[in-house]
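The chain contents come next:
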Amino acid sequence: MASKMHPETAVIHAGHLREPQGSLVSPLYQSATFVFDDVQTGSARFAGEQSGPIYTRLGNPTVAEFERRMAHLEESEGAIAFASGMAAVSAVFLGLLSSGDHLICNTCLYGCTHSLVSEQLPRFGIEVTQVDFADLQAVEAAIRPNTRMLFLESPVNPHLAVYDLQAVASLASRKGLTSVVDNTFMTPLLQRPKSLGIDIVLHSATKYLNGHGDVIAGVVCADGEPLELMRHRSLKDIGGVLSPHDAWLILRGMKTLALRMERHCLNAQTLAEFLEGHPAVTRVYYPGLKTHSGYHLLGSQMGGAGGVLALELNADFDAAVAFVNRLKLFNIAVSLGDAESLVQHPASMTHATYEAGDREKAGISDTLIRLSAGLENAEDLLADLRQALAPLSQSNTLEEAL
Ligand code: 3LM
């Protein structure tokens, strides 16, 4: 039954175990430790000879349900939940790479992932090269004898560049490398990288998966030995474990994931089309627009363009800041994937970790503005954008008249 479920059904049912009391909703096992019937039982569980919970850092029934649901959705053998998206990202590197190994990442990554790969990993003797994954020949040219992994986001945070994941996966497999994709912006409902040949998929569950802005969490979906290595090294020994209460909230949030993604995509598309036609806007970054370089992958690689978009204004830095400050319905906040629409300034917020030169190389301009389309009525969001843009169009019209 499980393998035949459609994703819209799987977000509600996959991995659910029938509860002895008949509770429809899975119980919350808010317990740090679990009692053994006798010493033999405890020893057998530690030895892996008997299944059953031991201690929540090593596994918890509520967290395990979230892991089973994610493994089903991402078509992986298993999944491991972490206390944040960054704990999931670092779990992949610290669990699977060792001193002397080489990692190739995209030039543009979420800001803290960029600082992790550019500042922290080298402290542990892991070499890192950042290359633009739009140019796979350049990626191939960067491969060294000690290269172990290719890592990217698609669409990328914050300017939504889209990469050909099937081509990345085939390069990785030809060269014997592990390919890893951060699928946060898409969710498994819009993109399943493993079906394209990618080895490991991860998410910041803080975003769309939970969807309600009240949890910080992450998850890694993988198979076989890498899965076991990350469970042993990254979860058990490093210990960034997800709280059962947060797993329970994510399971609740995920039940509406399919409905929410539909509305996020619809709202983002409406906003992107409006902005593209506005005289004060010079560029809109959204894979749902025909003008976007990744548009041709919509429908094949991506089942939808997602809820995040970015824009550049025909204005200097101060005028761009004034535009953001004029927005009333959009909250000025980092994060994305919440019911509330959000707006933020990547150069000074989510991507402030980049050195100015690296940020430019990554394609993040000082005037780039990122929007996360929420679940509100699109007309209200458009009205907010219209009023915040109005002074800019007026000044442009004035300049043109002079
Ligand atoms: C943000 N992003 O606003 P957590 N991978 C991706 C992400 O976008 C993020 C993470 C991993 C934002 C967070 S900025 C201070 C706020 C693609 C986070 C890390 O550890 O759950 O925050 O996920 O773009």
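For clarity, every value in this text was computed on a predicted model and none was experimentally measured.

1. Topic: the nonpolar core
Argument step 1. Residues Phe66, Val92, Phe93, Leu275 and Phe323 are the most contacted members of the largest nonpolar core, which totals 121 residues.
Argument step 2. Looking at which element gives the most residues to this core, the answer is helix α11 (residues 257–276), with 9 residues.
Argument step 3. If you count residues domain by domain, this core takes at least three from each of domain 1 (2–254) and domain 2 (257–401).
Argument step 4. Those residues in contact with Val92 that lie beyond four places of it in its chain are Leu97, Met149, Val180, Ile200, Leu202, Val220 and Met230.

2. Here's the deal with the side chain of Thr206
Argument step 1. With respect to the helices and strands, the residue Thr206 is situated in the loop between β6 (200–204) and β7 (218–222).
Argument step 2. Judged by its relative accessible area of 8%, Thr206 is buried.
Argument step 3. One polar contact links Thr206 to Ser204, side chain to side chain, over a distance of 3.2 Å.
Argument step 4. A polar side-chain atom of Thr206 sits 3.0 Å from the main-chain amide nitrogen of Ala217.
Argument step 5. Beyond its immediate stretch of four places on either side in the chain, Thr206 contacts Val215, Ile216, Ala217, Ser335 and Asp338.

3. Thoughts on the domain arrangement of the chain
Argument step 1. In terms of domains, the chain is made up of domain 1 (2–254) and domain 2 (257–401).
Argument step 2. Here the C-alpha centroids of domain 1 and domain 2 sit 28 Å apart.
Argument step 3. Summed over both sides, the interface of domain 1 with domain 2 buries roughly 3,000 Å², with 65% coming from carbon and sulfur.
Argument step 4. Between domain 1 and domain 2 we count 0 salt bridges in total.
Argument step 5. Taken together, the elements giving at least two residues each to the side of domain 1 that touches domain 2 come down to α1 (7–13), α5 (111–120), α7 (165–174), α8 (187–190) and α10 (244–254).

4. Details of the side chain of Thr350
Argument step 1. Here Thr350 shows up in the loop between β11 (342–344) and α13 (356–361).
Argument step 2. Residue contacts for Thr350: discarding those within four places in its chain leaves Tyr110, Gly111, Cys112, Val334, Gln344, His345 and Arg370.

5. A closer look at the site of the ligand
Argument step 1. Close to the ligand lie 18 residues; Asn157, Asp182, Thr206, Ser335 and Arg370 are nearest.
Argument step 2. Calculation on the ligand without its partners gives an accessible area of 560 Å², and the protein chains cover 86% of this total.
Argument step 3. Its residues assigned to classes, the shell around the ligand comprises 6 nonpolar, 8 polar and 4 charged.

6. A word on the state of the cysteines
Argument step 1. Under the defined criterion, the tally for this structure stands at 0 disulfides.
Argument step 2. The closest cysteine sulfur to the non-disulfide-bonded Cys108 is located on Cys105, 12 Å from its own sulfur.

7. Concerning the sheet that holds β6
Argument step 1. In space, the 7 strands of this open sheet follow the order β1-β7-β6-β5-β4-β2-β3, with mixed pairing throughout. The strands lining the two open edges of the sheet, one partner per strand, are β1 (78–82) and β3 (127–131). The average angle at which neighbouring strand axes cross in this sheet is 20°, direction not considered.
Argument step 2. Relative to strand β4 (residues 147–153), strand β2 (residues 102–106) is paired through 4 bridges, and the arrangement is parallel. For Leu103, the partnering residue across the bridge sits in β4 and is Met149.
Argument step 3. This element, helix α3 (residues 61–74), spans β1, β6 and β7 of the sheet and lies at about 130° to β1.
Argument step 4. Relative to the sheet, α7 contacts β4 and β5 (178–182), its axis offset from that of β4 by approximately 175°.

Rules of the game
Residues numbered from 1 in each chain as written. Predicted model: local features only at pLDDT ≥ 70, side-chain atom pairs only at ≥ 80, totals over all residues. Heavy atoms only, no water. Core = buried A, V, L, I, M, F, W, Y, C linked by side-chain atoms within 4.5 Å. Buried < 20%, exposed > 50% of the residue type's maximum accessible area, 1.4 Å probe, protein only. Helix = DSSP H or I, 4+ residues; strand = E, 2+ residues; numbered from the N terminus. Domains from an automatic or database assignment. Contact = heavy atoms within 4.5 Å. Polar contact = N/O pair within 3.5 Å; in protein donor to acceptor, adjacent residues only side chain to side chain. Buried area = accessible area lost by both parts, 1.4 Å probe. Salt bridge = Lys/Arg side-chain N within 4 Å of Asp/Glu carboxyl O. Near = heavy atom within 4 Å. Areas by Shrake-Rupley, 256 points an atom, 1.4 Å probe, with all protein chains shown as cover. Nonpolar A, V, L, I, M, F, W, Y, C, P; charged D, E, K, R; others polar. Disulfide = S-S within 2.5 Å. Pairing = 2+ DSSP bridges. Axes fitted to C-alpha atoms, helices over the stretch in contact; angles between N-to-C directions.

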